Amino acid sequence: MKVKVDEDLPRSATDLLRQRGYEVDDRRAEGPGGPRDETVWEEAQREGRFLLTGDKQFADIRLHPPGTHAGVLLLRPDLENREAFCELLRGVLDVTTLEDLDGQVAVASPRGLRVAAARAGVKR
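Residues numbered from 1 in each chain as written. Predicted model: local features only at pLDDT ≥ 70, side-chain atom pairs only at ≥ 80, totals over all residues. Heavy atoms only, no water.

Undergrad: I'm lost on the pattern of salt bridges in this one. Help?
TA: Side chains bearing opposite charge may pair, as long as their charged atoms lie close to each other. In the structure shown here, the tally under the stated rule is 9 salt bridges. The residue Lys-4 makes a salt bridge to Asp-25 at a minimum N-O spacing of 2.3 Å. Highlighted residues: Lys-4 in strand β1 (residues 2-5) and Asp-25 in strand β2 (residues 23-26), separated in sequence by 21 residues. Since its relative accessible area comes to 0%, Lys-4 is described here as buried. Residue class for Asp-25 comes out buried when judged on its relative accessible area of 18%. When salt bridges that share partners are traced, they join Lys-4, Glu-23, Asp-25, Glu-43, Glu-47 and Arg-49 into one network. (Salt bridge = Lys/Arg side-chain N within 4 Å of Asp/Glu carboxyl O. Helix = DSSP H or I, 4+ residues; strand = E, 2+ residues; numbered from the N terminus. Buried < 20%, exposed > 50% of the residue type's maximum accessible area, 1.4 Å probe, protein only.)

Structure (C-alpha cells):
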C-alpha cells in the first residue's frame, strides 16, 4: 500500500512504516515550509496514497467523507513528541493494517482507535 506521511510527523514514523513494508512518500523530504494542506491532500489523492497525519483537518469527515479517498489515519497522542507519535502508530499497526483502513477516516489516540467507515454505496 502506498502511504503519504504529512510533514507534521517525525521521520521515525516513516521509518516504521517502511519496516512494515509500506511504500512511503515523506513530505519532509521535500524541504522545510512544505505545501499547503490542500496541496498535500490533492497529491495524496492523485497518487492514490493513504494519508498519515497529525493534522485534525484531514480527519474532518465533512471535508473528506469516508469512501471518497484512499484513507486517513490521524495520530493524536497526549504528548506531541517523536516517541509518542511512533508509539501510537506502532500500537495501531499491531492491531490492524492500513489496508484494513483503506478509504476510511481513522483517529488513533492512547484511548483507542475510532474509525469512520464509508456508507453503503459511497465509492471513491
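Undergrad: Help me understand the environment of Glu-23 in this model?
TA: Its location among the elements puts Glu-23 in strand β2. When the C-alpha atoms of Glu-23 and Met-1 are compared, they prove to be 6.2 Å apart, with 22 residues separating the residues in sequence. For Glu-23, the contacting residues outside a window of four places in its chain are Met-1, Lys-2, Val-3 and Arg-49. For Glu-23, the side chain forms a polar contact with the side chain of Arg-49, separated by 3.1 Å. (Contact = heavy atoms within 4.5 Å. Polar contact = N/O pair within 3.5 Å; in protein donor to acceptor, adjacent residues only side chain to side chain.)

Undergrad: Is there a simple way to explain the environment of Gly-21 in this structure?
TA: Structurally, the position occupied by Gly-21 is in the loop between α1 (11-19) and β2. With 20 residues separating them along the chain, Gly-21 and Met-1 place their C-alpha atoms 8.3 Å apart.

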